[in-house]
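# Observations on the model geometry
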Amino acid sequence: MKLITGIPPIIVALWFLIMSDLAHSKRLLIITPAPSYSHQIVFRALCLALHKRGHEIVVLTPNILNDPTLANYTEIDFGFEYEKIDDTDFSQIRWNLTQLGGLKTRLLRLGHDIAEDVLSHPDLVKHYANGTGAQFDAVIAEMIMTPAIYMLAHRFNVPLIGIMSMDLQNCHRFNLGSPVMPSHPSNWEIENLTGLHLPFWRRLINFVKTWWNIYSWFNNFANKQQEIAEKYFGKDIPHIVDLAKNMSLILIDQEPLLAYARPEIPNVVHFSGLHIMKSPPVLSKDLKNFLDGATNGFVYMSLGTNVKSNLLPKGMLQTFTNAFASLPYRVLWKFEDDNLETPPNVFISKWIPQQGVLAHPNIKVFIYQGGLQSTEEAVHYAVPLIGIPFVFDQVYQVIKMVSLGVAKHLDIIELTTSELRDTVLEIASDKRYKDKMLALRALTKDKPYDSLENVIWWIEYVMRHNGAPHLRFNGVDTAWYRQFDFDIIVFLAIASFLSLCALLGVLMQVSRLLYKYHDRISFAKKKMKLM
């Protein structure tokens, strides 16, 4: 091939590079409907990175960018879904176990509502409706509450990739063939009732609870999700459980070092820190002045986006304000109400650029609720932690950070002013917490690959090969009792019991014969004496 006369070779080379990227670009449908900002910032980072690689993106999200400069980047606005959780109060869950049970039931119903809203969204329907001719190369679907959306991959006949902004639930693990370990510390659904050396009865309760939840998910929740899928895709479709079993890839936002080590199946890929900025955000002038003036250091407290400090019971708010007033440090508190009366050393704000605060050199301690994304940020900026967990995987995450020696765990139910003050003073003054956090940060960064580049490589790998069935654990096709050898365990238990019963029967018969023989001998001896 001859070069066109007069065109510099560098221009021709650039043209070939551009055309090469276009030739390898793919079209992805990404559905991440969970109304939670902390989850969405992770998904957004991945979407933008895939777009930067030259792929065309169609994404349904409740947190749109609305950036007209992004070509081949279509957003389906799902922000109205936040209205359905506006009245959900996570802040008082720990004081009311009945409310906790009601919250879990409500979230299951919310999963059905969200699935309906996703599949009926007109901006999505125009992509998957019959006759549209739309094509994609892969579907990436959030796994947390809406398995009905998996059917989109079947509709387009493309690989299905699952994504989670937290560790997998037991129902997912069972369905994918990953070991279900009810009492292992990695089982975050049991919260702090797990451990490696639990007594028998505690393990029995964990076993029953875990398997009951799995049974309920498959026989109630999943079947309802199937009905929703059939409403939009017809009756002649596979079951969503089978689609989930055949996922090409499962992407989990969980740094392995910040989780309890456990066996994983080959098509699970962990990633972390996608939402962490290369340069921390600039602080507002008043906030910067407050933190710069904290010559003794400052404490930062935030309970995240789902747990709101202003909804805490009044007595607990007083506990926090009294403890903060007694500290020799300034305190920055993410608080959702401007009317709180605070001590002079406390600065409150409804919204805080958290990474900018954690990057500040004067920070001593970060008080938080145990959220995964906040944990990753704290490790990235090497800030020691005080964890006050409320719901779901927060307890698990805090306990893990305590085990690493970089955090302390406080129970919001029993928290007192003196306990909070003493804990802050201990962590702020003990250099070992900071040193261990620095060592942990070094470990998380010591990888042979960049986490974002690695997860993109795997997504593109699946698209290049139109799936990855060779990574799938084929044991999921067997019956559940065979997969976990329950039938063998039951058989051996029954066989052992029957063998023991038979042995006891034989011993009793032998004993009876010996007793009769002894009686006969004794009788014969007595008779001989009488003669």
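What you are looking at is a predicted structure, and each value in this text was computed from that prediction instead of being measured.

### Regarding the sheet that holds strand 10 (residues 346-349)
Here six strands make up an open sheet; going across it, the order is 10-9-8-11-12-13 and the pairing parallel. A single partner strand is all that each edge strand has here, and the edge strands are strand 10 and strand 13 (407-409). The mean angle between the axes of side-by-side strands here comes to 15°, regardless of whether they run parallel or antiparallel. Relative to strand 10, strand 9 (residues 330-334) runs parallel, the two being bridged by four bridges. Residue pairing in the sheet places Val-331 in a bridge with Val-346 of strand 10.

### Section: helix 14 (residues 417-429)
With 13 residues, helix 14 ought to run about 18 Å at 1.5 Å a step, and its terminal C-alpha atoms sit 18 Å apart, in line with that. Within helix 14 the residues assigned to the buried category are Leu-420, Thr-423, Val-424, Ile-427 and Ala-428. When helix 14 is viewed along its axis, its buried side chains cluster within an angular range of 120° and face the same direction. Looking at the packing, one finds that the buried side of helix 14 touches strand 8 (298-302), helix 10 (314-325), strand 11 (363-368), strand 12 (385-387), strand 13 and helix 15 (431-445).

### So, the UniProt feature "transmembrane region" (unreviewed entry) in the protein
Sequence positions flagged by UniProt for "transmembrane region" (unreviewed entry) are, in local numbering, residues 488-510. From the first C-alpha to the last, residues 488-510 spans 32 Å; its make-up is 100% helix and 0% strand.

### Some thoughts on unusual backbone geometry
Despite not being glycine, Asn-66 has its phi angle at roughly 55°, a positive value. Using a relative accessible area of 60% as the deciding quantity, one classes Asn-66 as exposed. Of note, Asn-72 is a non-glycine position whose phi angle comes to about 55°, a positive value. With respect to the element layout, Asn-72 can be found in the loop between strand 2 (56-61) and strand 3 (73-77).

### Details of the packing of aromatic side chains
Scanning the model with the defined rule gives 23 aromatic pairs in all. Centre to centre, the rings of Phe-136 and Phe-156 are 4.8 Å apart; their planes meet at 75°, and the pair counts as edge-to-face. A residue pair is termed long-range when its members are at least 10 positions apart, and Phe-136 in the loop between helix 4 (122-128) and strand 4 (138-142) and Phe-156 in helix 5 (residues 151-156) qualify at 20 residues. Residues Phe-207 and Trp-211 carry aromatic rings whose centres are separated by 6.3 Å and whose planes lie at 50° to one another, so their mutual orientation is tilted. Placement of both Phe-207 and Trp-211 in helix 7 (residues 200-233) is noted, with a separation of four residues, approximately one turn of the helix. On the accessibility criterion, Trp-211 (15% relative accessible area) is buried.

What counts, and at which threshold
- In this numbering scheme, every chain counts its residues from 1 along its sequence in written order.
- Totals for whole chains, interfaces and linings use every residue, but because this is a predicted model, local features are given only for residues with pLDDT of at least 70 and side-chain atom pairs only at 80 or more, for both listing and counting.
- To get the side-chain values, take all heavy atoms of the structure and skip hydrogens and water.
- Pairing between strands is defined by DSSP: at least two bridges between them are needed.
- In this description a helix means any DSSP run of H or I spanning at least four residues, a strand means any run of E spanning at least two, and both kinds are numbered starting from the N terminus.
- Only the contacting stretch of a helix is used when fitting its axis, a line to C-alpha atoms as for every element, and angles between N-to-C directions run 0 to 180 degrees.
- One fewer than the residue count of a helix, multiplied by 1.5 Å, yields its expected span.
- Buried, partly exposed and exposed residues are distinguished by accessible area as a fraction of the type maximum, computed with a 1.4 Å probe on protein chains only: under 20%, between the cut-offs, and over 50%, respectively.
- Here the arc refers to the directions that run from the helix axis out to each C-beta atom.
- Here, residues are in contact when the closest pair of their heavy atoms is within 4.5 Å.
- UniProt positions are given in the numbering used here, feature names are shortened, and annotations may be inferred rather than shown by experiment.
- To pair, rings of Phe, Tyr and Trp, with the six-membered ring standing in for Trp, must have centres within 6.5 Å; the planes then decide the type, stacked if under 30 degrees apart, edge-to-face if over 60, and tilted in the middle.

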